[in-house]
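# Observations on chain architecture
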Amino acid sequence: FPVTIKRNMDNIFEEIKEERARQDRKFGANRTQGPFLWNTILTEEVGEVAEASLDLVFGGFSKQNYQHLREELVQVAAVAVAYIEDMERQNYAD
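The shown structure was predicted, so the numbers you read here are calculated from the model rather than taken from an experiment. (Residues numbered from 1 in each chain as written. Predicted model: local features only at pLDDT ≥ 70, side-chain atom pairs only at ≥ 80, totals over all residues. Heavy atoms only, no water.)

## Thoughts on the overall build of the protein chain
Of the regular secondary structure elements, the protein chain holds three helices and zero strands. Secondary structure elements in the protein chain, listed N-terminal to C-terminal, are α-α-α. Along the first, second and third principal axes, the C-alpha set of the protein chain runs to 45 × 35 × 25 Å. For the protein chain, buried positions account for 23% of its 94 residues. When contacts within the protein chain are restricted to residue pairs at least 6 apart in sequence, long-range pairs at least 24 apart make up 71% of them. Here the protein chain displays about 6,700 Å² of accessible surface, and carbon together with sulfur accounts for 60% of that area. If you average the places of the 11 positive and of the 17 negative side-chain charges in the protein chain, the two averages end up 6 Å apart. (Helix = DSSP H or I, 4+ residues; strand = E, 2+ residues; numbered from the N terminus. Buried < 20%, exposed > 50% of the residue type's maximum accessible area, 1.4 Å probe, protein only. Contact = heavy atoms within 4.5 Å. Areas by Shrake-Rupley, 256 points an atom, 1.4 Å probe, with all protein chains shown as cover. Lys, Arg positive; Asp, Glu negative; His and termini not counted. Charge placed at Lys NZ, Arg CZ, Asp CG, Glu CD.)

Below, the structure written as structure tokens:
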């Protein structure tokens, strides 16, 4: 990757890690949900991305709307990571 893209990726991954830590503080670490509940949580977060996208397009391409969409995307990524962490803890592959 070009240096500027890598630097941006590193910053984004750091934001995702910070969001994961926030989620653990709010909901508890090492929570076991199971695939159905994780899919529900992830789908709800994706719905928030869709809503934020609509706000950006139809509410104006403002910095506030852009930032809201970006925050929702970070939350989706963090929930996906939490889902994977739970799968690893529960040894789904075994």
